[in-house]
Amino acid sequence: MTGTVRTELTTPDDPSNKASQAGQWARIIPIVILGLIILAGMVRLDLASKQNVRRAIIDQAVNRLDGIASNLASAAAHTPDPQAAPDLLMRMHEQVIGTWPIGTALVGQDGTIVAVTDKFPATRDGSVAEVSVTSLDSESATTLGRALTERHQVRGLTDPAAWGQRYLVSAVPAEGQSLLAVAVIDYGWVQERLPPLLNWNLLFILVGIPVVLALGLFLFWHHLQGELEKERVALRSRWDVLMAEGLEPALVVALPEGIILQANTEAAKLLGYPAAELNGLRVQQLRPEWARARLTRLLQNIVSQGTGHDDAGAWLRADGSIMWLDTAAKQAAGDETEAIMFLHDLTEQRLLEDELRMQKLELERANEQLTAGNEAKTQFLANMSHEIRTPMNAIIGFADLLGQGIFGPLSEKQQSAVQDIGQAGDHLMKLLNDVIDICKAEAGALQLDISPVALENVIEATHRVIHGLSWEKGIDIRISVQPEHIMVEADERRIKQILYNLLSNAVNASGQGQEILVQARKAAGQAVISVTDQGPGISPQHQERIFEEFTQFGDDGTELQGSGGLGLPLSRDLVELHGGQLTVESQLGEGSTFTFALPLYEGEAED
């Protein structure tokens, strides 16, 4: 092979492959980001919900402390004897606090505890004046001593340094007394009842779903890479075979410019170029100008759909001759910038089609000439028949007058001659009438007068006409009509003409003492009529020719027509005008049978 050898269309290390993989990841990354955003939103909603629940529980505990401290302050304000404070605290603890681990105390002016319950936290010096309390709302801090001095309520969390751990506290000054009612609860006990901010479900959402998503994306990417690699391997293998053995003409072209990057040996031979000269050419240069629009559409289809097809497109060989190629193209695997074009030569097929087309035109012209010739022949015969009929009527008429003795008596020989003249004239007149009918049939001008016809009457009438001829030859004509009365829809005069032609031919073909059988029967909704003779028969090679006009047979053992060869062709045309077909069955030495069918009269079927 000549030219630059390139054994692979694409390889896994090609920049085009890397660009393709980067493009795949570029499509996957937005999906991952969207998934992470959705997960973050779910986490945010879950955390906000948990925070709201925790705050509601804390507010419930503080509100409980506020109620207990307020009730204790109100009771202390209405108790004039401070010595009754311990009893007051115990009753409040039993009736209001219940099972909650709430401690209560009454604090005096200097922060000393006047009365206290057992769940109130212990102090070293007996004073709580310096216990610091941080507000839950504003995060501002104050002390219980200041709350008593300034006479305002305090609620919040205590400093863990005061009592060793943190407490929720609510302190309310007693009205009219230098007392401060304090209610506290262990903040750790409250926290045990708060829902955790993180749980296993949330942990699964944060960790499990991203892992599953990442695994699915990895499997998808791995499958996609496997499919692309299979396609690349298949195309590389096919290209290697084409390049090595030249099994099919092929080109590698750049998209969308159409520059030929590589051509195998078969393509170079097909186009008439050395392979090296094809490289670098544009495929547009290998197409006639009037055929380049099809090539443009082909390249556009390859770019947009990955494949393309141009059936029977015109290409230019190196010598300038035009050839017709079927072009199938496919984009290279993993590379959107190249395509392989496979070329199939249809030039011989196209030339054959053109030749067949020319032959068809020639046959059509020959058929037109033949039709014109037939029309001229038909017109000539019709004109000649009309021209001859007038003098023939005169000859027949004067022969009849002579025979009747109008112009005087005739001798016996003269009488015989006049009879011969009359018979010859009648025969010639019948021949002229047959010629005229044949011409009308070929011109499509032969018309039928259809009416109900009794078939046995027509057969009997024809028999009476032909009886004289059959009697002279000692031939017996036997008639069989089953059933007796068969009604048909036909032209009575034309049916008599058909039967007369068939019977006269049978009489001419029969020998002395032979028999002719005329049969009529019903079959398959039709009336079938047949005429059978015992003559010499007709050879197979002549059975079709007897229906040709002016055909007669010689002394070769076959039937000799006594007329001018128009009786059977005219009879065939008349039968076909009735919607039937005239057929013959014959064997040499065994006679002949002519058969035709006529439509039954519907009125008889109704009866």
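Since the model is a prediction, treat every value here as computed from it, not as a measurement. (Residues numbered from 1 in each chain as written. Predicted model: local features only at pLDDT ≥ 70, side-chain atom pairs only at ≥ 80, totals over all residues. Heavy atoms only, no water.)

Trainee: Sorry if this is basic, but what is going on with the pairing of strand 15 (residues 487–490) here?
Mentor: Regular strands have side chains that alternate between both faces of the sheet. Of the two faces of strand 15, only one is covered, namely that formed by V488 and A490; the face formed by M487 and E489 stays uncovered. Inspection of the sheet shows strand 13 (residues 451–454) paired to strand 15 by four bridges, in the antiparallel sense. Bridge pairing in strand 15 places V453 opposite V488. (Buried < 20%, exposed > 50% of the residue type's maximum accessible area, 1.4 Å probe, protein only. Helix = DSSP H or I, 4+ residues; strand = E, 2+ residues; numbered from the N terminus. Pairing = 2+ DSSP bridges.)

Trainee: Sorry, what's going on with the sheet that holds strand 3 (residues 132–134) here?
Mentor: Whenever strands of a sheet pair, they do so through backbone hydrogen bonds, lying parallel or antiparallel. In space, the seven strands of this open sheet follow the order 2-1-7-6-5-3-4, with antiparallel pairing throughout. This sheet does not close on itself; its edge strands, each paired only once, are strand 2 (113–116) and strand 4 (141–143). Going from strand to strand, the sheet's axes swing by 35 degrees on average, the running direction of each strand aside. Across six bridges, the pairing between strand 1 (residues 102–107) and strand 7 (residues 180–186) is antiparallel. Residue pairing in the sheet places T104 in a bridge with A183 of strand 7. (Axes fitted to C-alpha atoms, helices over the stretch in contact; angles between N-to-C directions.)

Trainee: Just checking my understanding: could you explain the packing of helix 12 (residues 455–472) against helix 13 (residues 492–509) for this structure?
Mentor: Where helix 12 contacts helix 13, the axes come no closer than 9 Å and their chain directions differ by 35 degrees. Judged by the twist between their axes, the crossing of helix 12 over helix 13 is right-handed. When helix 12 is examined against helix 13, the residues V458, I459, A461, T462, V465, I466, L469 and S470 are found in contact with a partner set consisting of E492, I495, K496, L499, Y500, L503, S504, V507 and N508. For the contact of helix 12 with helix 13, the per-class residue count stands at eleven nonpolar, four polar and two charged. (Left-handed = near helix turned anticlockwise from the far one by under 90°. Contact = heavy atoms within 4.5 Å. Nonpolar A, V, L, I, M, F, W, Y, C, P; charged D, E, K, R; others polar.)

Trainee: Hey, could you run me through the sheet that holds strand 18 (residues 583–586) in this one?
Mentor: Taking strand neighbours across the sheet as the criterion, the five strands line up as 14-16-17-19-18 in an open arrangement whose pairing is mixed. A strand with exactly one partner marks an edge of an open sheet, and here the two such strands are strand 14 (476–482) and strand 18. Recorded for the sheet is a direction-independent mean angle of 15 degrees between the axes of neighbouring strands. Across four bridges, the pairing between strand 18 and strand 19 (residues 592–599) is antiparallel. Within strand 19, the position partnered with E585 by the bridge is T593. Where helix 13 meets the sheet, it contacts strand 14, strand 16 (515–523), strand 17 (526–532) and strand 19, and its direction lies at approximately 170 degrees from that of strand 19.

Trainee: How should the confidence of the model for the protein chain be read in this particular structure?
Mentor: Low-pLDDT stretches of the model should not have their predicted coordinates read in fine detail. For the protein chain, per-residue confidence averages 78 on the pLDDT scale, and residues scoring 70 or more make up 78% of the total. Across residues 1–19 the pLDDT falls below 50, and counting only partners more than four positions away or on other chains, this stretch makes 40 contacts in the model. (pLDDT = per-residue confidence, 0-100.)

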